[in-house]
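Here is how the chains run, residue by residue.
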Amino acid sequence: MNIKSLVEPKVNRGIPELSPGDTVKVSLKIKEGDKERLQQLQGLVIRIRKGVDGGSFTVRRVSYNVGVERVFPFQSLMIQKVEVLRHGKVRRAKLYYLRKLSVKQSRLKERQSKVGVSEQVAPAQEQEAAMPATSPQERPE
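In this report, the structure presented in the accompanying data block is examined.

Here is what the cut-offs are and how they apply
- Residues numbered from 1 in each chain as written.
- Predicted model: local features only at pLDDT ≥ 70, side-chain atom pairs only at ≥ 80, totals over all residues.
- Heavy atoms only, no water.
- Helix = DSSP H or I, 4+ residues; strand = E, 2+ residues; numbered from the N terminus.
- Buried < 20%, exposed > 50% of the residue type's maximum accessible area, 1.4 Å probe, protein only.
- Contact = heavy atoms within 4.5 Å.
- Areas by Shrake-Rupley, 256 points an atom, 1.4 Å probe, with all protein chains shown as cover.
- Pairing = 2+ DSSP bridges.
- Axes fitted to C-alpha atoms, helices over the stretch in contact; angles between N-to-C directions.
- Core = buried A, V, L, I, M, F, W, Y, C linked by side-chain atoms within 4.5 Å.

Okay, the overall build of the protein next. Looking only at helices and strands, the protein has two helices and five strands in total. Put simply, the protein runs from its N terminus to its C terminus through helices and strands in the order α-β-β-β-β-β-α. Per-residue burial for the protein yields a buried fraction of 26% across its 141 residues. Sequence separation of 24 or more characterises 53% of the internal contacts of the protein that already satisfy a separation of 6 or more. Only carbon and sulfur atoms are counted for the fraction: they give 51% of the accessible area of the protein, which is about 11200 Å².

Set out below in structure tokens:
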């Protein structure tokens, strides 16, 4: 018997498409006694686990020189929203190697979006068009 046939996971709509290496800000609903408040955790997504129970993602941050990791289920109702601040350029699915590095060493380069690349190419093409075309024979050596 399949677990998925018994209970269908309800994915939280406040969570966008995530990938490892993204810097995210997670807003959690915290209950303290009879009061509720929102707590934000900003960190790096080091792991995404997909499964029949809906899956989860792990966020890592360094606070006062101590690495803190927290696992959030995708179907948790305690998560109000998740904002993606940056997309990191990574080549691995699980970024466990960041645990061994210092904060400064663990910084990731930002992934270029396709829109940003086309905007950068266009001015370069304009500059080439503005320059006079010379053949190899006309150039002085």
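Let us look at the sheet that holds strand β2 (residues 35–49). Backbone hydrogen bonds hold the strands of a sheet together, and the pairing may be parallel or antiparallel. The strand order across the open sheet formed by five strands is β4-β3-β2-β1-β5, and the pairing between neighbours is antiparallel. Where the open sheet ends on each side, the last strands, each with one partner, are β4 (66–73) and β5 (79–87). Recorded for the sheet is a direction-independent mean angle of 40 degrees between the axes of neighbouring strands. Bridge analysis of strand β1 (residues 22–32) against β2 gives ten bridges, and the strand direction is antiparallel. Bridge assignment links L28 to a residue of β2, and that residue is Q39.

Counting 15 residues, the largest nonpolar core has L18, V26, F57, F72, I79 and V82 as its most contacted members. The set of elements that each furnish at least two residues to this core consists of β1, β2, β3 (56–63) and β5. Here this core takes four residues from β1, the largest share from any one element. In this structure, V26 is in contact with Q39, Q40, L41, F57, V59, F72, I79, K81 and V82, ignoring residues within four places of it in sequence.

Moving on, we get to unusual backbone geometry. For Y64, which is not a glycine, the phi torsion comes out positive at approximately 55 degrees. Turning to its location among the elements, Y64 is positioned in the loop between β3 and β4. Its identity as a non-glycine residue notwithstanding, N65 has a phi of 65 degrees, on the positive side. Here N65 shows up in the loop between β3 and β4. N65 gets classed as exposed once you look at its relative accessible area, which sits at 75%.

Bridge count for β2 against β3 is five bridges, and the pairing is antiparallel. Bridging from a neighbouring strand, R49 pairs with S56 of β3. The turn joining β2 and β3, which pair antiparallel and follow one another in sequence, is formed by six residues; a positive phi near 110 degrees is taken by G54. Looking at chain direction, β3 and β4 are connected through eight bridges and run antiparallel. In the sheet register, F57 faces β4, and the bridge partner there is F72. Here β3 folds back onto β4 in antiparallel fashion, the turn holding two residues, of which Y64 has a positive phi close to 55 degrees.

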